[in-house]
Each structure stands twice: as C-alpha cells, then as structure tokens.
Amino acid sequence: MGQFILLPIIFFGLIIIISSFFIVKQQTAAIVERFGRFQYIAQSGLRLKIPLVDRIAGRLSLKIQQLDVIIETKTLDDVFVRLKVSVQYRVISQKVYDAFYKLDYPHEQITSYVFDVVRAEVPKMKLDDVFVRKDDIAIAVKSELNDAMIEYGYDIIKTLVTDIDPDAQVKAAMNRINASEREKIAAQFEGDAQRILIVEKAKAEAESKRLQGQGIADQRREIARGLEESVEVLNRVGINSQEASALIVVTQHYDTLQSLGEETNSNLILLPNSPQTGSNMLNEMVASFTASNQIGEAMKSAKKKKDE
C-alpha cells in the first residue's frame, strides 16, 4: 500500500523538477514573472525557475525584423500614388522590459507613425519629386520613428521606400511623355545627320565642278595650242591664217562625220549634212575672213586720215 502512494509522489516530484528548467534560444529574451509580477529577464541558454511560482510571461526576439507598410496618398500635383515603406527594427537588449510591458502591438504603432509621416511629406512634393527625393522621405520616417519608438525599447535600424506606384493612367501618360521626348531627340539627330550629308554632298559636287571646269579649261588650252601650231604649219606652205582657220574647221567637220560613222549606236544627227556642206562651209568662212580683213583695213585707213 505504501508503494502505491510513493510512486505518484515520485512522479509528481520529477515533473516539478523538470518544469524548473527552461531553454531560451539565441537572440531571444524570456520574461519571467512570479505570481503575476515581473521577476527577471532570462537570456539565451538553460535557465532555472521556481516551479509553480515563476512562469514565463513571454519571449521577445532580439533579431532585426522588417515591417512592410503600404500607404496611398496624394502628391502636390494631385496624383494618387502608392508607396511601399520597409521598416527594419529590433528590440534593444537593455530595454526588453519596456518593449514587453509598454507596448502591446508594435507593428500597429510603427504603421501608424509611417502613415503619419508619409502623408505629411508626400503632399508637399510633385510626382517627379517623389521619385527623386524618396531617400528624403525614408530619412524623415526613420527620424520620426526613432524619436517615438525608443521610449518603448525599439531601435529603428533603417527605413526604405522600396516602391512608388502611381495610378495606371498616370504611368501610361509618363511613358508617352518619355517616348515622345526620345522620338524628338532621335528626330533631331536624324535631321543633323541629314544636314551633314547634304553639306558634304554639296561640297563634293562643288569640288567635282571645280575639277571639271579645270579639266575643260586645260582641254581648251591644249586645243588652242594645237590650232596655233596647225596654223603655223600651214603658214609655212603659203596658206594665210584665215584660210588655215577655215581649213582646220572643215577638217574637224569631216573628222566628226567619220566618228559618227564609226559609232553604230549613236543617235546624233548632224544638220545640215550634205556632200556640198564642207565645200560651202570652206567658201563661206574664207569669204567671211576676207570681208572682215577688208573692213578692218578700211577702218584703219579712215582713222589714219582723221588723225592727219
């Protein structure tokens, strides 16, 4: 009979002894209360408490945690925009008591401060400024949160504005503006390129004309030199300059006819063109040169008599 009574006592004693020990994980703090009153804070490791007297009221993580808050607000130019603010925070190890007993819902408290700061700062900015000055918004949120949450044992490590999302129609309009601006720049570059091509083409044409003119001048100079030599040769055999010039012209006429006859695909028609053309041309040119000489001599005689 005594053995049956002893076994429950031993079993109950083992349970009490086992319940006296508890384990606290790394980067965690356990709050121990005695009869509902705070007793001490247990750090990581194997810990001991008084059974049936002490109890673990709660545990707080000392790791860095992140809370993402999405806020919708309006900018200075009346554009509604959604911002995502990420808040990184942790419980200060020396203020675990304040963090556990002074604040029941830290997430809601942090969210309220983020809403308050963002909705105070963003309406002062235009939409473009919100994108440019997002770091300023994050700094303002961090400063406000630090001042408010330090009292409750929370340290704000960093705040980040991770997303800025305007209304879909506004984004479409911004994309159109950006595309139009890029098309304008592209058109300007294309216009500049076209202008450069036109200028360079004009320069090339001018240089070509200059060289062509120089070639024609050189060609005519050589032709004149050849004609001069031909006239000198004919003068040596008793043919005067007028007759020599007429003979050269007639010779060139027949050379032209010969060239046309050799070219089977030519469409050139030389008018007039008859067997008597060469003879008539020669006679007319000789008569013209003769009449010209007579008129010149008459004018010289008249001038001489007038001077006397």
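Now for a quick tour of the structure. (Residues numbered from 1 in each chain as written. Predicted model: local features only at pLDDT ≥ 70, side-chain atom pairs only at ≥ 80, totals over all residues. Heavy atoms only, no water.)

1. Structural notes on a nonpolar patch on the surface
At step 1: There is a patch of nonpolar side chains on the surface, built from L7, I10, L14, I17, I18, F21, I23, L46 and L48 and spanning about 960 Å² of accessible area.
At step 2: Mapped by element, the contributors of at least two residues to the nonpolar patch are α1 (2-19), β1 (21-24) and β4 (45-48).
At step 3: Of all the elements, α1 adds the most residues to the nonpolar patch, at 5 residues.
At step 4: Residue I23 is classed as exposed on the basis of its relative accessible area, which comes to 59%. (Patch = residues over 30% accessible without salt bridge, like charges linked within 9 Å, V, L, I, M, F, W, Y side chains within 5 Å. Areas by Shrake-Rupley, 256 points an atom, 1.4 Å probe, with all protein chains shown as cover. Salt bridge = Lys/Arg side-chain N within 4 Å of Asp/Glu carboxyl O. Helix = DSSP H or I, 4+ residues; strand = E, 2+ residues; numbered from the N terminus. Buried < 20%, exposed > 50% of the residue type's maximum accessible area, 1.4 Å probe, protein only.)

2. Topic: the sheet that holds strand β6 (residues 65-74)
At step 1: Read across the sheet, 3 strands follow the order β6-β7-β8 without closing on themselves; strand pairing throughout is antiparallel. With one partner strand each, in any of the chains shown, β6 and β8 (154-166) form the two edges of the open sheet. Strand-to-strand twist of the sheet, defined as the mean angle between neighbouring strand axes without regard to direction, takes the value 20°.
At step 2: Alignment of β6 against strand β7 (residues 80-91), held across 10 bridges, turns out to be antiparallel. Note that in β7 the partner of I71 across the bridge is L83.
At step 3: Lying over the sheet, helix α3 (residues 106-121) contacts β6, β7 and β8, oriented at roughly 35° with respect to β6. (Pairing = 2+ DSSP bridges. Axes fitted to C-alpha atoms, helices over the stretch in contact; angles between N-to-C directions. Contact = heavy atoms within 4.5 Å.)

3. Description of the sheet that holds strand β2 (residues 28-34)
Whether parallel or antiparallel, the strands of a sheet pair through hydrogen bonds between backbone atoms.
At step 1: In spatial order, the strands read β3-β2-β5; together these 3 strands make up an open sheet with antiparallel pairing. Each having just a single partner strand, β3 (37-42) and β5 (54-61) make up the two edges of the open sheet. Between one strand axis and the next, the sheet turns by 25° as a mean value, whatever way the strands run.
At step 2: Relative to β5, β2 runs antiparallel, the two sharing 7 bridges. Bridging across to β5, I31 finds its partner in G58.

4. What about helix α5 (residues 134-149)?
At step 1: Here α5 spans 22 Å end to end across 16 residues, near enough to the 22 Å set by a 1.5 Å rise per residue.
At step 2: Taken residue by residue, α5 has I137, A138, V141, L145, N146, A148 and M149 as its buried positions. Each buried residue of α5 sits inside an arc of 165° when the element is viewed along its axis, so together they form one side. What points out from α5, more than 90 degrees from its buried face, is the exposed set I139 and D147.
At step 3: Residues of α5 that are buried sit in contact with β7, α3, α4 (127-132) and β8. (Expected span 1.5 Å × (residues − 1). Arc of directions from axis to C-beta.)

5. Quick look at the packing of aromatic side chains
At step 1: All told, the structure shown has 5 aromatic pairs when counted by the stated rule.
At step 2: Relative to Y97, the ring of F38 has its centre 5.0 Å away and its plane inclined at 70°; by these criteria the two rings are edge-to-face. Taken as a pair, F38 in strand β3 and Y97 in helix α2 (residues 96-101) lie far apart in primary sequence, 59 residues in all.
At step 3: Take Y97: its relative accessible area is 39%, and that puts it in the partly exposed class.
At step 4: Measuring from centroid to centroid gives 4.9 Å for F100 and Y101, while their planes differ by 85°, and the two rings are edge-to-face. (Phe/Tyr/Trp six-rings, centres within 6.5 Å; stacked < 30°, edge-to-face > 60°.)

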